[in-house]
Amino acid sequence: MFQLPLNSVTAFAVKPSPLVAFVTVIVIGVVGFYSLHFSFRSAAPLDALHSHHIFLSSSSNVTISNYLHALTVHPHLAGTKPASLTARYVLNHFTGLGFRTRTSRHPALLSYPVRSSLAAHFSDGTNVEFRLREGEEEGEEEGEVVAPYHAYSPSGKVWAAAVFVNYGREEDFRLLAAAGVQVAGCVAMARSGGGVGRGTVVEAAERHGAAAVMVFGEGDTWSKGFERGHVMRGGIGDPLSPGWGGVDGGESLGLDDSEVLKRFPKIPSMPLSAEAAERILASLGGPPLPLDWRGTLKSSNVRNVGPGPTILNFTYQGEMKVATIENVFGIIKGREESDRYVLLGNHRDAWTYGAVDPNSGTAALLDIARRYSILLRLGWTPRRTIILCSWDAEEFGMIGSTEWVEQNLLNLRSKAVAYLNVDCAVQGPGFFAGSTPQLDDLLLDVIKRVKDPDSEGTTIYQNWAAGGGRSNIQRLGRVDSDFAPFVLHAGIPSIDVYYGRDYPVYHTAFDSYNWMTEYGDPFFQRHVAVTGIWGLLALRLADDSIIPFNYLSYVDQLQVYNNTLSNLVDKRVSLHPLTTSIQEFASAAKEANNESKKLRLLENSDHFVDMKMRALNDRLMLTEKGFLDVDGLILSLFEINALIVAVVFGPPRDQESKLEFFPGIADSMSGMVKMSEKERVAAIQHEIWRVSRAIQRAASALRGDLT
Ligand SMILES: *[C@@H]1O[C@H](CO)[C@@H](O)[C@H](O)[C@H]1NC(C)=O
Ligand SMILES: *[C@@H]1O[C@H](CO)[C@@H](O)[C@H](O)[C@H]1NC(C)=O
Ligand SMILES: *[C@@H]1O[C@H](CO)[C@@H](O)[C@H](O)[C@H]1NC(C)=O
Ligand SMILES: *[C@@H]1O[C@H](CO)[C@@H](O)[C@H](O)[C@H]1NC(C)=O
């Protein structure tokens, strides 16, 4: 019975020309028609193994490129008319494929520019008024792309000397202070990168007394680009509904509420093109550029850090507005365990055209939907429910996903198996992935089955493993995409994958379909690869009778963290609690793996085995929640958003922290928090106990035993 569909669909995979694509659309139609008849005649469903095979062989770079083109015709900034048209486009796509759909709407505080200006007054008496736009892209209507700005920057007028602050890290400000350079009262010029986010740079400049901040990218081919972005602080989500899902008619804080105010910077800031920035920097006097700042700066004309003699006249006027944002969902209901959810998510809103960020991911999501619908027509139904999520307003601080997670927290914590995120699916060559560790094995398994788009005849795994394999997997403690509320607030095992990094047109008006076809992915084969990985990950999580989590990888990761930590902490601090809890977790993980092996041998035997599998799966899902701590991070010290309650992964507030994990421990060690030696040892020890208790909670959850 599978013969016909398998062959016809396989043929689809390798033929990319538009004509053949057209023919294959017809073939698919016919297959759909046939399979409908088959399913009437025979009740035998398409099994998971066959359906996963068909999924892999039903890729098409043609459909993906069409979706991307349709999504990126106009810029679609969250809260604008074109943004709601993209929501409609995604919704219609899901509906057209026969999926159940849902839309969640949330009021959210967004921020837009009204007007801005920047003029430089050079010491020789000349004045330059800079044009604060990229210039129109081919085919762009005048002013279609939003003017460069930092969302949530306050309005302001600043007349002050320019000073160069490198990346705007604490260490950069220290170097300046050592050279006797006054940053206070000046316009700080910072280049983006250096491992610090835009919001952090503005916050640091504000702390050092700067009057305003300009953040610019590196100058090369794209030196006319302005990197838009938000500068909200203290976590994620709508500032007017911190900790709860914002809904129409629901509680909403006022704009003058202190909780709201503390999330906005006090000094105005703006992105600047590299071209304009270098012109200003090249005119500075004062002490010479420190040696190690020079190496990474593209322009050799910049020799001094200032401040002045060049004076900048910077004005910015913005407005904040409550707009309705829309998340769109496509739902495939599971057959056996419809109350267990596997979520695939990508945001849809973009600063400009968004061909890379984020619609390369949206195009992949829509193609996964297309490919799943082929399987459905062939008679497959997933064991668990699959939900395709299209988020809004990610660019303003993960607002769409965060509001939805907050609103659905209890159901998600108890019923979501995993969250699979893709933001910028394709930025260029090279595969990158991050995960919570129990998903490492599944990720490696899946990339063994997907072709490397940049190397004929090999799988992604083959080339990736050669470069370090498992150790290449990043962890998800960052707060820079929609996995953040899932991992850090809901404790849901998650994965994030993408191709390429550090692409030069990030958040500029040049992030267009043309850039993608010229530089990012000319044949859309990297898109095909991401689609294959993402879609297959979800199929495995939805269909495997025992959820494919291996907690031994978690144990390995915790051991590495323990060892890193042991080299950093004071000898008076004891790591013993950590060691004991990791050992306990290790034995729970081994038991769970043994049990899963045993149950797999008995699969399909009787109802009793099904119940046991369900019980094991529940424990596998619950374990990650052990790492949540209701106390959150040390709120009083850093005023961090209480939303973040994860203790293993998570962002330390101190950018100079040597720890990228155990955020509570990292912050208790931070020099930014003033305390005596004795107090510090006690604080670190307390945080170690907190992490140890979390690991113990996870171990008991995995074991499923009460004490
Ligand atoms: C600064 O720029 C604004 C806006 O262009 C202008 O109105 C103002 O006069 C300028 N200030 C000075 C001192 O040149
Ligand atoms: C699809 O891939 C083939 C083979 O790499 C290529 O020739 C074709 O141009 C691609 N189509 C698109 C739309 O990128
Ligand atoms: C944690 O680190 C300490 C100090 O290096 C070491 O003695 C201990 O064995 C480590 N624990 C684990 C579980 O790796
Ligand atoms: C797991 O199974 C192996 C081999 O069957 C056995 O040697 C080991 O003791 C078991 N471990 C646990 C923790 O149950």
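The structure under discussion appears in the preceding block.
Here's a quick rundown of the structure. Quick caveat, the model's predicted, so the values are computed rather than measured. Residue indices begin from 1 for each chain and proceed along its sequence in written order. Here chains are named by letter from A upward and ligands by number from 1 upward, in the order in which they appear as written. With pLDDT at 70 or above as the cut-off, local features in this predicted model cover only qualifying residues; side-chain atom pairs require 80 or more to be listed or tallied, and sums for whole chains, interfaces and linings still use all residues. Based on all heavy atoms of the structure, the side-chain values leave hydrogens and waters out of the count.

**A short note on the overall build of the chain**
Alright, step 1. Helices and strands together make up the secondary structure of the chain, namely 24 helices and 14 strands.
Alright, step 2. Across the 707 residues that make up the chain, the buried fraction comes to 59%.
Alright, step 3. The contact definition used throughout considers only heavy atoms, calling two residues in contact when any of these lie within 4.5 Å. For the chain, restricting intrachain contacts to residue pairs at least 6 apart in sequence, the fraction spanning at least 24 positions comes to 81%.
Alright, step 4. Carbon together with sulfur atoms contributes 54% to the accessible area of the chain, which is approximately 27,900 Å² in total. Each helix is a run of H or I in the DSSP string that is no shorter than four residues. Each strand is a run of E no shorter than two, and both are numbered from the N terminus. Only protein chains enter the calculation, and the probe is 1.4 Å; a residue is then buried if its accessible area is under 20% of its type maximum, exposed if over 50%, and partly exposed in between. The accessible surface values rely on the Shrake-Rupley method and a 1.4 Å probe; as for residues, cover is taken only from the protein chains in view.

**Quick notes on the site of ligand 3**
Alright, step 1. Nearness here has a simple test: a residue counts as near a molecule or strand if at least one of its heavy atoms is within 4 Å of that partner. The full set of residues close to ligand 3 is Gln559, Asn562, Asn563, Ser566, Thr579 and Ile582.
Alright, step 2. Within the side chain of Thr579, one N or O atom sits 3.0 Å away from a nitrogen atom of ligand 3.
Alright, step 3. Here ligand 3, which alone exposes 360 Å², has 58% of that area covered by the protein.
Alright, step 4. Elements that contribute at least two residues to the shell around ligand 3 include exactly helix H19 (552-566) and helix H20 (576-601).
Alright, step 5. The biggest single contributor to the shell around ligand 3 is H19, with four residues. N or O atoms closer than or at 3.5 Å make up a polar contact, with two conditions inside protein: a donor-capable atom paired with an acceptor-capable one, and, for residues adjacent in sequence, both atoms drawn from side chains.

**Some words on the pairing of strand E10 (residues 337-347)**
Alright, step 1. Among the eleven residues in E10, nine count as buried, and that is most of the element.
Alright, step 2. Here, a strand pair is defined by DSSP locating no fewer than two bridges between the strands. Alignment of E10 against strand E11 (residues 384-391), held across eight bridges, turns out to be parallel. Pairing of Gly345 across the sheet is with Cys389, part of E11.
Alright, step 3. Note on handedness: a clockwise path from strand one over the helix to strand two, with the strands aimed away from the viewer, defines a right-handed crossover. You can see the chain leave E10, run along helix H11 (residues 359-377) and come back into E11, and the turn it takes is right-handed.
Alright, step 4. Bridge count between E10 and strand E12 (residues 416-421): five bridges; the pairing is parallel. The partner of Leu343 across the bridge, within E12, is Tyr419.

**Remarks on the nonpolar core**
Alright, step 1. Within the largest apolar cluster, 115 residues are counted, with the highest numbers of intra-cluster contacts made by Leu344, Tyr372, Leu541, Phe585 and Phe662.
Alright, step 2. The leading source of residues in this core is helix H18 (residues 525-543), at eleven residues.
Alright, step 3. The split into domains, and so the bounds of each, comes from an automatic or database assignment of domains. Two domains each donate at least three residues to this core, and these are domain 1 (18-107 + 325-542) and domain 3 (551-703).
Alright, step 4. When sequence neighbours within four positions are dropped, the list of residues in contact with Tyr372 reads Phe55, Phe99, Ile332, Leu344, Trp380, Ile386, Leu388, Gly535, Ala538 and Leu539.
Alright, step 5. Within the second largest apolar cluster, 72 residues are counted, among which are Ala188, Val202, Leu281 and Ala323. To form a nonpolar core, buried Ala, Val, Leu, Ile, Met, Phe, Trp, Tyr and Cys residues must be joined to one another through side-chain atoms within 4.5 Å.

**Focus on unusual backbone geometry**
Alright, step 1. Here Gly306 and Pro307 are connected by a cis peptide whose omega angle stands at 5°.
Alright, step 2. Along the chain, Pro307 turns up in the loop between helix H10 (291-294) and strand E9 (311-332).
Alright, step 3. Cis geometry is found at the peptide bond from Gly308 to Pro309, where omega equals 0°.
Alright, step 4. Looking at the element boundaries, Pro309 is found in the loop between H10 and E9.
Alright, step 5. Phi is positive for Met398, close to 50°, though the residue is something other than glycine.
Alright, step 6. Its place among the elements puts Met398 in the loop between E11 and helix H12 (399-407).

**Brief notes about the packing of aromatic side chains**
Two aromatic rings are characterised by how far apart their centres lie and by the angle between their planes.
Alright, step 1. Note on aromatic contacts: the rings of Phe and Tyr and the six-membered ring of Trp form a pair at centre separations within 6.5 Å, being stacked when their planes are under 30 degrees apart, edge-to-face when over 60 apart, and tilted otherwise. A complete count under the given rule lists 36 aromatic pairs for this structure.
Alright, step 2. Judged by centre distance (5.4 Å) and plane angle (50°), the rings of Trp391 and Trp404 are tilted. Note that Trp391 is positioned in strand E11 and Trp404 in helix H12, a separation of 13 residues in sequence.
Alright, step 3. Note on Trp391: relative accessible area 0%, which makes it buried.
Alright, step 4. By relative accessible area, Trp404 is classed as buried at 11%.
Alright, step 5. Measuring from ring centre to ring centre gives 5.1 Å for Phe661 and Phe662, while their planes differ by 80°; the resulting arrangement is edge-to-face. Pair check on accessibility: Phe661 and Phe662 agree, each one buried.
Alright, step 6. Here a set of aromatic residues connected by ring pairs shows up, and it is made of Phe549, Tyr551, Tyr554, Tyr561, Phe585, Phe627, Phe649, Phe661 and Phe662.
Alright, step 7. In this structure, Arg371 is placed above the aromatic ring of Phe55, and the distance from its NZ or CZ to the ring centre is 4.1 Å.
Alright, step 8. We count a charge as sitting over a ring when the NZ of a lysine or the CZ of an arginine lies within 6 Å of the ring centre and within 35 degrees of the ring normal. Taking NZ or CZ as reference, Lys448 lies 4.7 Å from the ring centre of Tyr461, over its face.

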